[in-house]
Number of protein chains: 2
Amino acid sequence: MLNFPNKKVLSTKQNTIKSNHSNRGMSLENMINNSCEYYLYNNIANIHKKPTPIQVVKVDYPSRSSTKIIEAYYKTPSTTDYNGIYKGKYIDFEAKETNIKNYLGFEYIHHHQITHLENIVKHGGIGFLIIYFKHYDEVYLYDFNDFILLYNKRNDINGKKSIAYTEVKENGILIKRNYIPNLEIIKAIDEKYFT
Amino acid sequence: MLNFPNKKVLSTKQNTIKSNHSNRGMSLENMINNSCEYYLYNNIANIHKKPTPIQVVKVDYPSRSSTKIIEAYYKTPSTTDYNGIYKGKYIDFEAKETNIKNYLGFEYIHHHQITHLENIVKHGGIGFLIIYFKHYDEVYLYDFNDFILLYNKRNDINGKKSIAYTEVKENGILIKRNYIPNLEIIKAIDEKYFT
């Protein structure tokens, strides 16, 4: 757990550093993780990244108290990467980043993640994607209900199914950057779901 | 995904097999997992076990398309094992089984899991423990708010802090056994939180 300074100090730092894009180059995952840690620490929300599922095949016991995994393989996740709770609501999202300037290809979003988010929304949860267009250094929250409409009727663009940057910009919520948290995810959630 | 038969067939099977305790000897984790799978498949709830967190240190690439993990270690989980959504509510629980007849020692419940559940309940989620007393072959749902009261004021029993079987039996909800799902977790949740 990082030892975050109190909020007063934060807001000063935020003003100084905001325009520098000091977290440029940081991976989307790192930005989300440290933002979630900030929200957890400040009792704002409880959202966690799920561990990557790994199939352990063989272990070794170099000492009585330690277990060393010596053969294991990555498994395909059956859900999205992130879930949790905010203001009593179940929150679920998948994060995707792309170097491509104009679109995010649907091939980067696993079918079972789509199915999972559909199911979550049916059960009354809040589901969305966080999409990072690295070329513009812009991160968006894109509501899953909006996404699935596109996803289901989309014809090919550049030979692939995809969502355009312009569509994300138009219908998504720009997630503001900050010093702490790196991504103002909760502000974006408030804007989309709690106003 | 198991191909579950329809509910009509189920209820017949259930009557036949119920008294046999056919899932006796099955691990608590397996019983919970196949119950969650049933709830997911039948659109009743969306609850998943989180993967065990593993720190990957070294990987090998035996072929272009495959990654083999050759050195890794188990990490301490920062949350509980299970979470999800049911009737629009965020659900979070930890599952513990014990061979000891009369109590469950608190040492089996990690402090950060307690902290996590406290936080979840503060945010408006439903938090509980599932406790399996193997000696009696009985599984209980024990509400976290009830648990934390005991946990915070409990004096030692047998030199250890623990919750007695009789307390779990008195204040917990007995989770009924079945053929499919193995554990009627949702019925127990309904009884405790939705009546």
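As the structure is a prediction and not an experimental result, all values here were calculated from the model.

Caption draft 1: Inspection of the environment of A:Asn145 at higher detail. Within the secondary structure, A:Asn145 is located in helix H4 (residues 144–153). In this structure the C-alpha to C-alpha distance between A:Asn145 and A:Glu118, which are 27 residues apart in sequence, comes to 8.2 Å.

Caption draft 2: View of the interface of chain A and chain B. Across the contact, 35 residues belong to chain A and 35 residues belong to chain B. In this assembly, chain A packs against chain B so that about 2,900 Å² is buried in total across both faces, 60% of it on carbon and sulfur atoms. Of all residues in chain A, the largest losses of buried area upon contact with chain B belong to A:Ile69, A:Ile85 and A:His123, amounting jointly to 21% of the total for that side. Linking chain A with chain B are nine residue pairs in polar contact (both at pLDDT 80 or more), by the criterion used here. Those elements that provide at least two residues to the side of chain A that touches chain B are strand E1 (46–49), strand E2 (54–63), strand E3 (66–74), strand E4 (82–86) and helix H3 (111–122) of chain A. Broken down by element, the residue count for the side of chain A that touches chain B peaks at eight residues, all from E3(A). By residue class, the composition of the side of chain A that touches chain B is 16 nonpolar, 15 polar and four charged. Pairing between E3(A) and strand E3 (residues 66–74) of chain B: two bridges, direction antiparallel. Its bridge partner being in E3(B), A:Ala72 is matched across the sheet by B:Ile69.

Caption draft 3: Structural context of the packing of aromatic side chains. Going through the model one piece at a time under the given rule, you end up with 25 aromatic pairs over all chains. With a centroid separation of 6.4 Å and 75° between ring planes, the pair formed by A:Tyr140 and A:Tyr165 is classed as edge-to-face. Of the two residues, A:Tyr140 is situated in strand E8 (residues 138–143) and A:Tyr165 in helix H5 (residues 165–171); the sequence distance between them amounts to 25 residues. The exposure class of A:Tyr140 is buried, given its relative accessible area of 3%. Ring geometry for B:Phe133 versus B:Tyr165: centroids 5.1 Å apart, planes at 80°, classification edge-to-face. A residue pair is termed long-range when its members are at least 10 positions apart, and B:Phe133 in strand E7 (residues 126–133) and B:Tyr165 in helix H5 (residues 165–171) qualify at 32 residues. Residue classification places B:Phe133 among the buried positions, given a relative accessible area of 0%. Members of the aromatic cluster, each reached through a chain of ring pairs, are A:Tyr82, A:Phe93, A:Phe128 and A:Tyr193. The ring of A:Phe194 carries A:Lys87 above its face, with NZ or CZ at 4.9 Å from the centroid.

Caption draft 4: Helix H3 (residues 111–122) of chain B, seen in detail. Over its 12 residues, H3(B) runs 17 Å from end to end, which matches the ideal 16 Å to within 8%, given 1.5 Å per residue. When we look at burial in H3(B), the residues that qualify are B:Gln113, B:Ile114, B:His116, B:Leu117, B:Asn119 and B:Ile120. Where the residues of H3(B) are buried, they touch helix H2 (28–41), E1 and E4 of chain A together with strand E5 (89–98), E7 and helix H4 (144–153) of chain B. B:Gly124 sits one or two residues past H3(B) and shows a positive phi near 95°.

Caption draft 5: Fine view of the relation of the copies chain A and chain B. Note on the copies: chain A fits chain B at an RMSD of 0.0 Å, the axial shift is 0.0 Å, and the rotation between them is 180°. As the rotation angle and translation indicate, the two copies are arranged about a two-fold axis. Both copies share a contact surface, since 100% of the interface residues of chain A are interface residues in chain B too.

Caption draft 6: Region of interest: unusual backbone geometry. All names here are of chain A. That bond from Ile180 to Pro181 is cis: its omega, -5°, falls within 30 degrees of zero. Here Pro181 is to be found in the loop between strand E10 (173–174) and helix H6 (185–193). The phi dihedral of Asn43 falls on the positive side, at around 55°, and the residue is not glycine. Among the structural elements, Asn43 can be located in the loop between H2 and E1. With phi around 55°, Asp137 is a residue other than glycine that occupies positive phi space. Within the secondary structure layout, Asp137 lies in the loop between strand E7 (126–133) and E8. Residue classification places Asp137 among the buried positions, given a relative accessible area of 3%.

Quick notes on the rules
- Residues numbered from 1 in each chain as written.
- Chains lettered and ligands numbered in written order.
- Predicted model: local features only at pLDDT ≥ 70, side-chain atom pairs only at ≥ 80, totals over all residues.
- Heavy atoms only, no water.
- Helix = DSSP H or I, 4+ residues; strand = E, 2+ residues; numbered from the N terminus.
- Contact = heavy atoms within 4.5 Å.
- Buried area = accessible area lost by both parts, 1.4 Å probe.
- Polar contact = N/O pair within 3.5 Å; in protein donor to acceptor, adjacent residues only side chain to side chain.
- Nonpolar A, V, L, I, M, F, W, Y, C, P; charged D, E, K, R; others polar.
- Pairing = 2+ DSSP bridges.
- Phe/Tyr/Trp six-rings, centres within 6.5 Å; stacked < 30°, edge-to-face > 60°.
- Buried < 20%, exposed > 50% of the residue type's maximum accessible area, 1.4 Å probe, protein only.
- Lys NZ or Arg CZ within 6 Å of the ring centre and 35° of its normal.
- Expected span 1.5 Å × (residues − 1).
- Least-squares fit on C-alpha atoms with pLDDT ≥ 70 in both.

These values are about where atoms sit, not about what they do.
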